[in-house]
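Okay, here's what each chain looks like letter by letter:
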Amino acid sequence: MITGEIKNKVDQMWEYFWTGGLTNPIDVIEQLTYLMFMKRLDIEQMSKEKTAIQSAALLGIQEDTSKYIYQKDKEYLRWSRLLDNSKAHEIIRNDGMEFLKTLSGDEESAYSKYMKNAVYKVPSAKVLKNTMDVMEDIFSDESFVKDRDAKGDLYEYLLSKLSTSGTNGQFRTPKHIINMMVELMKPTPEDTIIDPACGTAGFLASSVDYLMRNHKNEIMVSKDKRDHFNQKAFNGNDTDATMLGISAMNLMLHNVENPNLYLENSLSVDYKKENEYSLVLANPPFKGSLDYEDVNSTLLEGAKTKKTELLFLRLITRILKIGGRAAVIIPDGVLFGSSNAHKSVREEIIEKHKLEAVISMPSGVFKPYAGVSTGILIFTKTGDGGTDKVWFYDMTADGYSLDDKRNPIEENDIPDIIERFGNLDKEVERKRTEKSFFVPVSEIKENNYDLSLNRYKEVEYEEVEYAKPSIILSEIKELEKKIMEGIQALEAMLEV
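Everything numeric in this text was worked out from a predicted model, so none of it was measured. (Residues numbered from 1 in each chain as written. Predicted model: local features only at pLDDT ≥ 70, side-chain atom pairs only at ≥ 80, totals over all residues. Heavy atoms only, no water.)

Note that Thr 173 resides in the loop between helix 8 (148-159) and helix 9 (175-185). Exposure remark for Thr 173: the relative accessible area of 9% places this residue in the buried category. Reaching out from Thr 173, the side chain makes a polar contact with the side chain of Asn 283 at a distance of 2.8 Å. (Helix = DSSP H or I, 4+ residues; strand = E, 2+ residues; numbered from the N terminus. Buried < 20%, exposed > 50% of the residue type's maximum accessible area, 1.4 Å probe, protein only. Polar contact = N/O pair within 3.5 Å; in protein donor to acceptor, adjacent residues only side chain to side chain.)

Overall, the prediction assigns the chain a mean pLDDT of 88, with 92% of residues at 70 or greater. Residue range residues 164-169 is modelled with pLDDT below 50. Its contacts to residues more than four positions away, or to other chains, number 8 contacts. (pLDDT = per-residue confidence, 0-100. Contact = heavy atoms within 4.5 Å.)

We now examine the environment of Met 135. For Met 135, the position within the fold is in helix 6 (residues 125-139). Of the residues examined, Met 135 reaches a relative accessible area of 1% and is grouped as buried. Each C-alpha atom, one on Met 135 and one on Gly 21, is 20 Å from the other, the two residues being 114 residues apart in sequence. If sequence neighbours within four positions are ignored, Met 135 has contacts with Met 13, Leu 32, Leu 35, Met 36 and Trp 79.

Once that is clear, we can look at the side chain of Ser 436. Residue placement: Ser 436 occurs in strand 11 (residues 436-440). Residue class for Ser 436 comes out buried when judged on its relative accessible area of 0%. For Ser 436, the side chain forms a polar contact with the side chain of Arg 420, separated by 2.7 Å. Reaching out from Ser 436, the side chain makes a polar contact with the side chain of Glu 427 at a distance of 2.4 Å. The contacts of Ser 436, once residues within four sequence positions are left out, are Trp 391, Phe 392, Tyr 393, Arg 420, Glu 427, Arg 430 and Lys 431.

Inspection of the secondary structure puts Ile 322 in strand 5 (residues 320-331). Using a relative accessible area of 58% as the deciding quantity, one classes Ile 322 as exposed. Those residues in contact with Ile 322, other than ones at most four positions away along the chain, are Lys 381, Thr 382 and Gly 383.

Given 3.6 residues per helical turn, the α-helix brings residues three or four places apart onto the same face. With 12 residues, helix 13 (residues 308-319) extends 16 Å from end C-alpha to end C-alpha; this agrees with the ideal 16 Å at 1.5 Å per step. For helix 13, the tally of buried residues reaches 12 of 12 residues, placing the bulk of the element in the interior. For helix 13, the full list of buried residues reads Thr 308, Glu 309, Leu 310, Leu 311, Phe 312, Leu 313, Arg 314, Leu 315, Ile 316, Thr 317, Arg 318 and Ile 319. In the core, the buried residues of helix 13 are packed alongside strand 1 (193-195), strand 4 (277-282), strand 5, helix 14 (333-336), helix 15 (340-352) and strand 7 (374-380). (Expected span 1.5 Å × (residues − 1).)

Our next topic: the packing of aromatic side chains. Here a ring pair, both rings aromatic, is described through the centre-centre distance and the interplanar angle of the planes. Summed over the entire model, instances satisfying the criterion amount to 7 aromatic pairs. Plain terms: the ring middles of Tyr 70 and Phe 99 are 5.0 Å apart, the flat faces sit at 20° to each other, and that makes the pair stacked. Of this pair, Tyr 70 sits in the loop between helix 2 (25-59) and helix 3 (79-82) while Phe 99 sits in helix 4 (residues 88-101); the two residues are 29 residues apart in sequence, bridging distant segments of the chain. We classify Phe 99 as buried; its relative accessible area is 12%. When the centroid spacing of 5.7 Å and the interplanar angle of 50° are considered together, the rings of Trp 391 and Tyr 393 count as tilted. (Phe/Tyr/Trp six-rings, centres within 6.5 Å; stacked < 30°, edge-to-face > 60°.)

In structure tokens form, the structure reads like this:
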């Protein structure tokens, strides 16, 4: 978690851009990302120089500069050279961006795809100078530089400033909900993870953090696992090039060398992957509607639908390997919708795979962007069924107020959800009046595959005894009498 001081400095940089005339949050994040990346390249160059000089001195050979990021003719583009250069604004605009675009030799890397359409939009030389000075302050904090997670946290904080929702029902998933889903699914170093509508790669970045917290030594010691972590483990698709670019930088700042990020509509005719991934983490866009001819035909099997939330669920069952797991945020309608398509999708997950859990979330989770009610489906692709009972949890608090302000509060079901889901063997005896309980699959089938929590939760009513109406009326009259006496006393005092 970044400290208050660094957070204030990020806010300060943000303000420079806004007062300078660049007010689109995505543009501001993009530009700050470029500058942060330039700073990190310079730090990496210094490290390479130090290593090369030490090796040359030790071996008595000439300094090897072949692996330097900046060769001699490009040294004027280094952050440290630009910091006090009055022409920095022109140099970055004219030469710096082109250098960044061509930095990677691999045209297929996420970095190259990200930088391909990069445009320098810093409003003025003054905004650039002020921003570079503040960024220099941040990176001069030794504890910040040494903290592997801090740079990722800083970027997450920048992303949290995206206060506008996208089109087609795209809403940024709150970080604590993302982290909860990752904790529930417990990614392993062997997992190949995908978010088919990755946005800013929040699920993938959180998975990186989880793996580093729980499997760091395992990954660092094994070359195969390290290569898998850097080259294959993290995958994401999105239809928005800008968001995809931010996503690439987000993962790079989480130290993933080469994430697989694609400008791709996962529902389209051209996207044909199947049986590819072992873990899907997603909050796919809903409220969207597509034309049949634009949708891959495999997603229309069973019952036709144009609803993206249903199409994404079918896609997820297709791209998962047998044994692969998924945790997906869906709108409440998916749980109880009565159309053939709704029922067909629920039936497929229950009958052909293993539905493990339905977590009902309160409707304020996505505020201030939207007040939509949502839930989380957790299931495993088996291909031959396996659902015997489904675990339901009634989440009523997520640690924040459920209004537009989303202020922190004490009530928070998330730790309890993680604890209970991790110990499902202890859940068997729970009553349906409790926060969580099991429902046998036979009962779900009898209810037409309805997965809404209210269908199965039992409400305990407490008897409340009130006074007789005659007594209540008498108390009201007494109150009225006192009010009138007060008014008369006030009138006498004011002589009206």
